[in-house]
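Working through the structure, step by step
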Amino acid sequence: MTARFLVDAGNSRIKWACHRHGRLEPGLPFASQAEGLAERLDAHWAGLPAPAAVHVSNVAGPEVARLLHAWIERHWRLSPVFARSRACCGPVVNGYAEPDRLGADRWLGLLGLYRDHPLPACLVDCGTAMTLDALAADGRHLGGLIAPGLRTMALALQRHASALNVPRPPGAADLALGRDTGAAMRQGCIMAGAGLIEKTLATLRASTGADFRLVMTGGDAATIAPHVAQPLQLDQHIVLRGLLTEAEALP
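On a predicted model such as this, the values are computed, not experimentally measured, just so you know. (Residues numbered from 1 in each chain as written. Predicted model: local features only at pLDDT ≥ 70, side-chain atom pairs only at ≥ 80, totals over all residues. Heavy atoms only, no water.)

Our next topic: the overall build of the chain. Helix and strand counts for the chain stand at seven helices and 13 strands. Here the C-alpha atoms of the chain give a radius of gyration of 19 Å, agreeing with the 18 Å that 2.2 N^0.38 yields for 251 residues. The contacts in the chain between residues at least 6 apart in sequence include a share of 53% that link residues at least 24 apart. Summed over all atoms, the accessible surface of the chain reaches about 12400 Å², with 54% contributed by carbon and sulfur. Distance between charge centroids for the chain: 1 Å, based on 24 positive and 22 negative side chains. (Helix = DSSP H or I, 4+ residues; strand = E, 2+ residues; numbered from the N terminus. Rg over C-alpha atoms; globule rule 2.2 N^0.38 Å. Contact = heavy atoms within 4.5 Å. Areas by Shrake-Rupley, 256 points an atom, 1.4 Å probe, with all protein chains shown as cover. Lys, Arg positive; Asp, Glu negative; His and termini not counted. Charge placed at Lys NZ, Arg CZ, Asp CG, Glu CD.)

Below, the discussion takes up the confidence of the model for the chain. Note that predicted coordinates carrying low pLDDT should not be read in detail. Summarising the model, the chain shows a mean pLDDT of 92, and 94% of its residues fall at 70 or more. Here residues 169-173 scores under 50 on pLDDT; set against residues more than four positions off or in separate chains, the count is 13 contacts. (pLDDT = per-residue confidence, 0-100.)

Here strand E10 (residues 129-135) lies mainly inside the structure; six of its seven residues are buried. Relative to E10, strand E9 (residues 121-126) is paired through six bridges, and the arrangement is antiparallel. In the strand pairing of E10, Cys122 is matched with Ala134. The turn linking E9 back onto E10 is made up of two residues. Of the pairings in the sheet, the one linking E10 to strand E11 (residues 141-148) comprises seven bridges and is antiparallel in character. Each bridged residue has a counterpart across the sheet, and for Met130 the counterpart in E11 is Ala147. Taking the residues between adjacent antiparallel strands as the criterion, E10 and E11 are bridged by five residues, where Gly139 takes a positive phi near 95°. (Buried < 20%, exposed > 50% of the residue type's maximum accessible area, 1.4 Å probe, protein only. Pairing = 2+ DSSP bridges.)

To continue, consider the side chain of Asp235. With respect to the helices, strands and loops of the structure, Asp235 is situated in the loop between strand E13 (232-234) and helix H7 (238-249). Using a relative accessible area of 7% as the deciding quantity, one classes Asp235 as buried. The contact partners of Asp235, leaving out residues within four places of it in the chain, are His117, Val215, Met216, Thr217 and Arg241.

So, on to helix H4 (residues 150-160). Listing the buried residues of H4 in full gives Leu150, Met153, Ala154 and Gln158. Buried residues of H4, viewed axially, fall in a sector of 135°; they line one side. Seen from the buried face of H4, the exposed residues on the opposite side, beyond 90 degrees, are Arg159 and His160. For H4, the secondary structure elements touched by its buried residues are E11, helix H5 (181-208) and helix H6 (221-224). (Arc of directions from axis to C-beta.)

What follows concerns the sheet that holds strand E12 (residues 213-217). One open sheet holds the five strands; their spatial order is E11-E10-E9-E12-E13, and the pairing between them is mixed. Single-partner strands in this sheet number two, and they are E11 and E13. Adjacent strand axes in the sheet meet at a mean angle of 20° when their direction is disregarded. As paired elements, E9 and E12 share five bridges and run parallel to each other. Across the sheet, residue Cys122 finds its bridge partner in E12, namely Leu214. (Axes fitted to C-alpha atoms, helices over the stretch in contact; angles between N-to-C directions.)

Written out as structure tokens, the structure reads:
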């Protein structure tokens, strides 16, 4: 089999897909924490045929990397290739002064952005952290921002403000303003995320004179998106396609 197996191990979830016959075939995501990971890998992957190669993006920590490597080596007799940020890949140029300090998932997101979306564009990944990265029309990474994600913001409020320690904030209300503590916390976090996105796009427009398209990904993207006053596209497999781009560029 000539298929490539692609793995995006984030702080909360592992997304994965098989690429064969020119098509990306995503599977069901599952939790990425190290505890119980071997059993979850068995449940999701043990019945799959061995691929020709495995490429991994991992920001979930060294123990998750170790468990992934061990499982893949034991079951498929392959040594996975772990992605890392580079100074450039084709026309995409890393904007960090120290390119390897850019998170691998952010770098691969930029490769996916260049591969599949009109530029200039801003990629927003709404996960445990919210990251925003801008890519110019010529493929230059202009830099980015990192902020707490929705759940991280809510947990921080609960941890540091005892009066806000509600069991679990309920679902988003129709109004921007919540009418109980849980809804007020949830809506406050959502609006903070939406406001950060809109402010970033306005800043990019003012500094470059260009309108940046907005692409969103990550577990909370669909929650924040309706509150953003900007046309946007949701793309939940952009990191996997960036990983494919890097894999195809390797010697």
